[in-house]
Amino acid sequence: MIHGKKNWLGLLLMVVVMGVTGAVLLKGQPVGLMVASMKHLKPQYLLLGLLCMLGFVGCEALCSYQILGRLGHKVSYRRCMGYSFVGFYVSSITPSATGGQPAQIYYMSKDQIPAAHGALNMMLIASCYQVATLLWGGGIWFGVPAVREQMDGGLGLLLLYGAGMMVILTVGMVMVMFLPNPTRRICEGVLSLLTKTHILRNPESARQKLEHQLSEYARGADCVKHNPGLVLRVLALCLIQLGLSFSVPWAVYLAFGLKGQSWIQVAGVQALLTLAVCNLPLPGAVGAAEGGFVSAYASIFGTGIVTSAMLISRGISFYSFLLVSFIVSILVQLRTSRQARERALEEMAANQTGTRVKAVRKYLNARAEGETV
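For every chain, the first residue of the written sequence is number 1, and numbering continues from 1 along that sequence. In keeping with the predicted nature of the model, local features appear solely for residues at pLDDT of at least 70, side-chain atom pairs appear and are counted solely at 80 or more, and the whole-chain, interface and lining totals rest on all residues. Here the side-chain values reflect all heavy atoms present in the structure, with hydrogen atoms and water set aside.

### Regarding helix H13 (residues 263–277)
Put simply, the rule reads: Numbering of helices and strands runs from the N terminus, with a helix taken as a DSSP run of H or I at least four residues long and a strand as a DSSP run of E at least two residues long. To estimate the expected span of a helix, count its residues, drop one, and scale the result by 1.5 Å. Relative accessibility thresholds used throughout: buried, under 20% of the residue-type maximum; exposed, over 50%; partly exposed, between the two (1.4 Å probe, protein chains only).
Taking 1.5 Å per residue, 15 residues should reach 21 Å; H13 reaches 21 Å between its end C-alpha atoms and fits that length. Counting buried positions along H13 yields 12 of 15 residues, so the element is predominantly enclosed. Listing the buried residues of H13 in full gives Val266, Ala267, Gly268, Val269, Gln270, Ala271, Leu272, Leu273, Thr274, Leu275, Ala276 and Val277.

What follows is the structure, given as structure tokens:
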């Protein structure tokens, strides 16, 4: 699941874009000056940035912990952390911000959580995350004019695109959940048009998938209606989650010993930058995120160290946690594979008799009691 062909292609695309981005941004940059600017960094603030990212992943895990618990699944918070790291890894190497959701649903199903409940969990989190992103972006845009001025030229157009796409996705998700009949008519019209233009080769299969998706969103709407408090808690956690992510450049700002800018000014730029690039079809928004950082933060860090600040900030918020999430994803894969083998052995031992089956039962009982066989 983690190492599928599409994921490897996404990882290859990310590496290529990283190479091109590095070549463009570092062209003409004195390497010695960049290294010198990093020598006096204050490590406690870099640690603060890493803790912010750990909190970012932890908030999503807490969302899953609450939602799955409400759905009747006694899953541990540690296991939810594993799902979140898997999601971070897969979404980072695929050209979609939600690319990690199917992987999380897959591993939830391996832990005996029905795919329908896993999909509902991820749908609620995705909905709240989108709303939280818009709330952050809108609040900064209208409430902090000084930050808005940083998003001029090409960044302004990119922000307009990102905000527009986020609004469309959010409105579409709300329509699918709470206005299923109009949504079905719109989707049927689109399918008919695609069929007539011979773009869609298998309309019946597409209609079946559409009905399946609509039924999942209907379950999501029922969950929202019956658990408004849960949805508000998940939304609050998503707001905190994004706030922690936006705080990473602030931690880097402090690490350089800089002063004069408030937290809201530094974090606010990252909020708008995230809104601008989050819907681009690039793995981890690689390229756009780095270039946007250098452009938007030039007046805050100064042109002399903004490239160094970008490397450190993205190193903390993306590349270091990409590595961590890869390692955790491998551990989750190993754990689920081991559990699958043990369940198969249990089923064999439950239905058969004989010397070998007795040995299997002894092995399983010893593992359950924490003994060494």
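We are not done yet, so read on.
### With respect to the packing of aromatic side chains
Let me state the cut-off plainly: Pairing of aromatic rings covers Phe, Tyr and Trp, the last through its six-membered ring, and needs centres within 6.5 Å; plane angles under 30 degrees mean stacked, over 60 mean edge-to-face, and all others mean tilted. Placement of a charge over a ring requires the Lys NZ or Arg CZ to be within 6 Å of the ring centre, with the centre-to-atom vector within 35 degrees of the ring normal.
Here the structure, examined in full by the defined rule, presents 14 aromatic pairs. For the ring pair Phe256 and Phe301, a centre distance of 6.3 Å and an interplane angle of 75 degrees mean the geometry is edge-to-face. Of the two residues, Phe256 is situated in the loop between helix H12 (248–255) and H13 and Phe301 in helix H15 (residues 298–301); the sequence distance between them amounts to 45 residues. Of the two residues examined, Phe256 and Phe301, each falls in the buried class. With a relative accessible area of 6%, Phe301 lands in the buried category. Over the aromatic face of Trp141 sits the side chain of Arg148, whose NZ or CZ is 5.6 Å from the ring centroid. When the ring centre of Phe318 is taken as reference, the NZ or CZ atom of Arg314 above it lies at 4.5 Å.

### Side note on a nonpolar patch on the surface
Condition: Patch definition: residues above 30% relative accessible area lacking any salt bridge, with like charges linked at up to 9 Å and the nonpolar side chains Val, Leu, Ile, Met, Phe, Trp and Tyr linked at up to 5 Å. Each accessible area is a Shrake-Rupley result for a 1.4 Å probe, and residues are judged covered by the shown protein chains and nothing else. By definition here, a salt bridge exists when the distance from a side-chain nitrogen of Lys or Arg to a carboxyl oxygen of Asp or Glu is within 4 Å.
Together, Leu47, Leu50, Leu51 and Leu54 give the surface a local cluster of nonpolar side chains, amounting to about 340 Å² of exposed area. Locating Leu50 in the fold gives a position in helix H3 (residues 43–70). Relative accessible area serves as the criterion here: at 35%, Leu50 is assigned to the partly exposed category.

### Looking at the pattern of salt bridges
Within the structure shown, the criterion is met by five salt bridges. Glu211 is paired through a salt bridge with Arg184; the nearest N and O atoms lie 3.1 Å apart. You can see Glu211 sitting in helix H10 (residues 203–226) and its partner Arg184 sitting in helix H9 (residues 180–196), a full 27 residues away along the chain. Judged by relative accessible area, which is 34%, Glu211 ranks as partly exposed.

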